[in-house]
Amino acid sequence: MQDWLIHIEGQVQGVGFRPTVAKIANELKLVGKVYNTSNGVDIAVHCSLEERDRFLNRLSLNLPEQALISDFYIKESPFEDGLSSDFQIVPSQDRSKKSAFISPDFGVCTPCQNDLLEETNNRFLYPFISCTDCGPRYSILQGIPYDRGSSSMGDFEMCSNCCEEYLDPKDRRFHSQTSSCPECRITLTFSPDQNITSAHSIEFIEKAVALLEAGKILAVKATAGFLLLADATNSEALFLLRERKKRPKKPLAMMVPDSKALADFFDVSPQEIDEISSYTRPILLCKPKEDTSLQSSKELIAPGLSLLGVCLPADPLIFLITRVLGKPLITTSGNLHKAPIQFDNVEAIENLLGLADAVLYHTREIHFPQDDSVMRITPIFRHRIILRRSRGLAPSFWNSAKLRTETPVLALGADLKSTFALWDEYNVHVSQYIGNLESYDTQERFGRTLDKFMELIGIMPQHVLIDKHPQYHSRQLAGRFSTALVTEVPHHEAHFASLLWEHAALHSDEPILGVVWDGLGLGSDGALWGSEFFVYRSGELDRILSFDYFDYVLGDKMSKEPRIAAMALSYHAGESTEFLKEKFTDNEYTLYSKMLEKGNHVQTSSMGRVFDAMASILDISDFNSYEGEGAMLLEKIAQLFFDTHGYESVNCYELKEMKPNSLSFAPIIRQVLEDKRNGVEAGLISAKFHITLVKIVIAVLQRSGCSKVGFSGGVFQNALLVDLLHEQLGKDYQLLFHKQLSPNDENISLGQMAWFHIKYQFQPLKSKSYVLGDSR
């Protein structure tokens, strides 16, 4: 018999891992203990080698669903405090090194939903039910290791019944850190009617439902922040919500109570049902059915689009509201226009009352507010695309590449889709989506979240990485770290590097083509890049090709008005812009024409602006009321054409003017305009445009000699484009897409760290720069 210490790292805190360990150990009649530490979980066990291996084998076959093990080691280690007579869960050990994997928040599980609806259960209709498999984790965390006392639940002392469950190995709430019940309840308050003090939550639920049925808007404090709710079948309520939120067209998300209701309103595949029902509980873009009660309000929910975002309740309070209401709900982030999600009770009442008709909130504090995560699944190849990585996914990143840093690194990401990332030894954390840093409130939230997170994990960075663009607000935070070395990172190289890290390809000794298409980012030559091709091999990252530049006029106005992009690209193609004149006032058209003729503008190769230009040329969007609107409408009409006529019926535009290091948008635009003059329908033109982009990638691949190709940048949120890439390239090339992160700028923070690794921690092969056509 020997004393063994088994150290486990990964997502093993707050996921029912210790209770599972204790249950298996006691079934095998082993002696020892298990406890959380600030860098994982330790198991100390007294047994023979054969018993130890039997224990570990059974544990590996019975891991909790949410548990993820990244590493472990075993060593002989005598028990310092002697042996007990059984196997126990003992108090956590807080160590100076705080490197534990932080578990995300988990949506309410099916057994807890059943408890909520069972009249004889002591938690019947109790809206803060949870167990070892579900409930808040990251959002309420105040310290590591994860324990009740190091979270917001430390403010609520467990009653005797909850304590009994907590200590019962046979109970589902055995060592659940978030348990409470009506006897030791978290309290609810309705504002402005704060006179409701009943201990029975049904009164709050009924009042919330009555308000929603009356066509009102309700703000509810959920697990990770406030949400705004409205009846999705009530057009007047949707008009009111859009007016108050100053959100004229941006899609709203829906919520249904369960998978049956989901199937009633949407055409969903088994994969989509599994995704939307997972503990992440994301918003998923799905195709609505015809002839349902949503028919009259569908255009108000997602104007002009064929897919609607829908989710299942992650929070038991909102689960109860949806069940009692019995209708689909609109659920959208509880925030003011261009501000981050509200999470503090006092601030929410101050800011949301007026936008909402009432606020329903509770006394459990939120420390890390988060929006809902958003995903889509491509229709043909069933490829999952993360559009927003937040609640249920953040903040930990699975470092499968086992990359290590000697000194702590902080990456401050980009301004749009802002995130930050921290890296210490092997531990990588990528924050939730925080928002666009154009507003002061979001800048403040970004700074406060970063400060809290660094305090949580006890890291003070020695290297700070920032985007190369001098006007990005995220750069300003680097000034807080006066002793750190600050390094600028090129935007598009960061995009590609993040993808390489996700695929553990940073040490690849074979060339990988990187296609990075997005809105824009500052390039090394001072131009605003956005349609770039790179090749990476063994620490060398070379830009091998880009589209020719065109004029970037009127600054950010161009990204908000596709008509301006259409004018600039038509001028770039040598075409008359007269056909666009009706989209402008006479003064605008005259002024913008003179600006283009005068020249001397910032240059860009932005693929995002090309999509905008196409949307305006095809008369589907001249103004973007939200980011990406024109591109989404362009994708929609192409997808509808393919669905109607088939994929084989569409040819690409002829590829012309492809030089060794560049190719031009101009001949594509000229062919598009010719089609439009000839009366070709917009859906076919958009379909040909999408196919042409894929053919361009194929042409570059063939010239590069690469057998692997990766895709990053916001353009690859386009499900049709991703499907076409799979269809056209998947048989002959290995395709790399983002798996843990979104292709948009949320991945820039991780990419900055990957780039830092390439430039300063990697020993590259001694070879010349990669040249297009050299397949080495």
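Located above this text is the structure these notes cover.
### Thoughts on the overall build of the chain
Moving on, step 1. In terms of regular secondary structure, the chain is built from 22 helices and 29 strands.
Moving on, step 2. For a compact globule of 776 residues, the expected C-alpha radius of gyration is about 28 Å, and the chain comes in at 27 Å, within 12% of that figure.
Moving on, step 3. Here the C-alpha coordinates of the chain stretch approximately 85 × 70 × 50 Å along the principal axes.
Moving on, step 4. The buried share of the chain, reckoned over its 776 residues, is 62%.
Moving on, step 5. Taken as a whole, the chain presents about 29700 Å² of accessible surface, with 48% of it coming from carbon and sulfur.
Moving on, step 6. Charge-centre separation for the chain: the mean point of 78 positive side chains lies 2 Å from the mean point of 100 negative side chains.

### Some thoughts on the sheet that holds strand 3 (residues 40-47)
Moving on, step 1. Spatially, 4-1-3-2-5 is the arrangement adopted by the five strands of the open sheet, whose pairing is mixed. Edge strands, defined here as strands with exactly one partner in the open sheet, are strand 4 (68-76) and strand 5 (87-89). Averaged over all pairs of adjacent strands, the angle between strand axes in this sheet comes to 15°, irrespective of strand direction.
Moving on, step 2. Pairing of strand 2 (residues 31-37) with strand 3, which is carried by seven bridges, proceeds in the antiparallel orientation. Pairing of V31 across the sheet is with H46, part of strand 3.
Moving on, step 3. Strands strand 1 (2-11), strand 3 and strand 4 of the sheet are contacted by helix 2 (residues 49-61), whose axis makes an angle of about 20° with strand 1.

### Here we look at the pairing of strand 6 (residues 188-191)
Moving on, step 1. The two faces of strand 6 match: L188 and F190 on one face and T189 and S191 on the other face are all buried.
Moving on, step 2. Direction of pairing for strand 6 relative to strand 14 (residues 358-362): antiparallel, over a ladder of four bridges. From the neighbouring strand, T189 faces strand 14, where its bridge partner is Y361.

### As for the layout of surface pockets
Moving on, step 1. Reported here for the second largest pocket is a volume of approximately 460 Å³.
Moving on, step 2. Lining the second largest pocket we find 21 residues, and of these L68, Y279, T280, G392 and L393 sit closest to its centre.
Moving on, step 3. In terms of residue class, the lining of the second largest pocket is built from ten nonpolar, six polar and five charged.

### Description of unusual backbone geometry
Moving on, step 1. With an omega of 15°, the peptide bond between S191 and P192 qualifies as cis.
Moving on, step 2. With respect to the helices and strands, P192 occurs in the loop between strand 6 and helix 5 (201-213).
Moving on, step 3. Cis geometry is adopted by the peptide bond preceding P395, which originates at A394 and carries an omega value of 10°.
Moving on, step 4. Residue placement: P395 occurs in the loop between strand 16 (384-388) and strand 17 (405-411).
Moving on, step 5. Phi is positive for K29, which is not a glycine, with a value near 60°.

### A look at the sheet that holds strand 17
Moving on, step 1. Read across the sheet, five strands follow the order 19-18-17-20-21 without closing on themselves; strand pairing throughout is mixed. Edge positions in the sheet fall to strand 19 (427-430) and strand 21 (485-489), since each of these pairs with one other strand and no more. The mean angle between the axes of side-by-side strands here comes to 20°, regardless of whether they run parallel or antiparallel.
Moving on, step 2. In terms of strand pairing, strand 20 (residues 463-467) meets strand 21 through five bridges, oriented parallel. Bridge assignment links H463 to a residue of strand 21, and that residue is L485.
Moving on, step 3. Against the sheet, helix 12 (residues 440-457) makes contact with strand 17, strand 18 (421-425) and strand 19, and its axis sits at roughly 20° relative to strand 18, the strand it touches most.

### So, the packing of aromatic side chains
Moving on, step 1. According to the stated counting rule, one finds 23 aromatic pairs in the structure shown.
Moving on, step 2. A ring pair is formed by F368 and F453, whose centres lie 6.0 Å apart and whose planes are at 75°; its orientation type is edge-to-face. Of the two residues, F368 is situated in the loop between strand 14 and strand 15 (374-377) and F453 in helix 12; the sequence distance between them amounts to 85 residues.
Moving on, step 3. Residue F453 is classed as buried on the basis of its relative accessible area, which comes to 1%.
Moving on, step 4. Measuring from centroid to centroid gives 6.0 Å for W517 and F533, while their planes differ by 85°, and the two rings are edge-to-face. With W517 in strand 22 (residues 512-522) and F533 in strand 23 (residues 528-537), this residue pair connects regions lying 16 residues apart in the sequence. Here W517 matches F533 in class, with each residue buried.
Moving on, step 5. The rings of Y138, F368, F420, F446 and F453 are connected pair by pair, giving a single aromatic cluster.
Moving on, step 6. If you follow K207 out to its NZ or CZ, it ends over the ring of F190, 5.5 Å from the centre.
Moving on, step 7. Directly above the aromatic system of W529 lies the positively charged group of R543, at a separation of 3.6 Å from the ring centroid.

### What to know about the nonpolar core
Moving on, step 1. Within the largest apolar cluster, 117 residues are counted, with the highest numbers of intra-cluster contacts made by I321, L360, L513, W517, F533, F711 and L729.
Moving on, step 2. Counting residues per element, this core draws most heavily on helix 20 (residues 682-704), which supplies eleven residues.
Moving on, step 3. Setting aside chain neighbours within four positions, we find F711 in contact with L499, V515, V697, F716, L725, L729, L735, L736, F737 and H738.

Conventions used here
- Residues numbered from 1 in each chain as written.
- Predicted model: local features only at pLDDT ≥ 70, side-chain atom pairs only at ≥ 80, totals over all residues.
- Heavy atoms only, no water.
- Helix = DSSP H or I, 4+ residues; strand = E, 2+ residues; numbered from the N terminus.
- Rg over C-alpha atoms; globule rule 2.2 N^0.38 Å.
- Buried < 20%, exposed > 50% of the residue type's maximum accessible area, 1.4 Å probe, protein only.
- Areas by Shrake-Rupley, 256 points an atom, 1.4 Å probe, with all protein chains shown as cover.
- Lys, Arg positive; Asp, Glu negative; His and termini not counted.
- Charge placed at Lys NZ, Arg CZ, Asp CG, Glu CD.
- Pairing = 2+ DSSP bridges.
- Axes fitted to C-alpha atoms, helices over the stretch in contact; angles between N-to-C directions.
- Contact = heavy atoms within 4.5 Å.
- 1 Å grid on protein atoms, 1.4 Å probe; cavity = no way out; pocket = protein on both sides within 12 Å on 5 of 7 lines; lining within 4 Å.
- Points joined across faces, edges and corners; volume = space filled by probe spheres on them.
- Nonpolar A, V, L, I, M, F, W, Y, C, P; charged D, E, K, R; others polar.
- Phe/Tyr/Trp six-rings, centres within 6.5 Å; stacked < 30°, edge-to-face > 60°.
- Lys NZ or Arg CZ within 6 Å of the ring centre and 35° of its normal.
- Core = buried A, V, L, I, M, F, W, Y, C linked by side-chain atoms within 4.5 Å.

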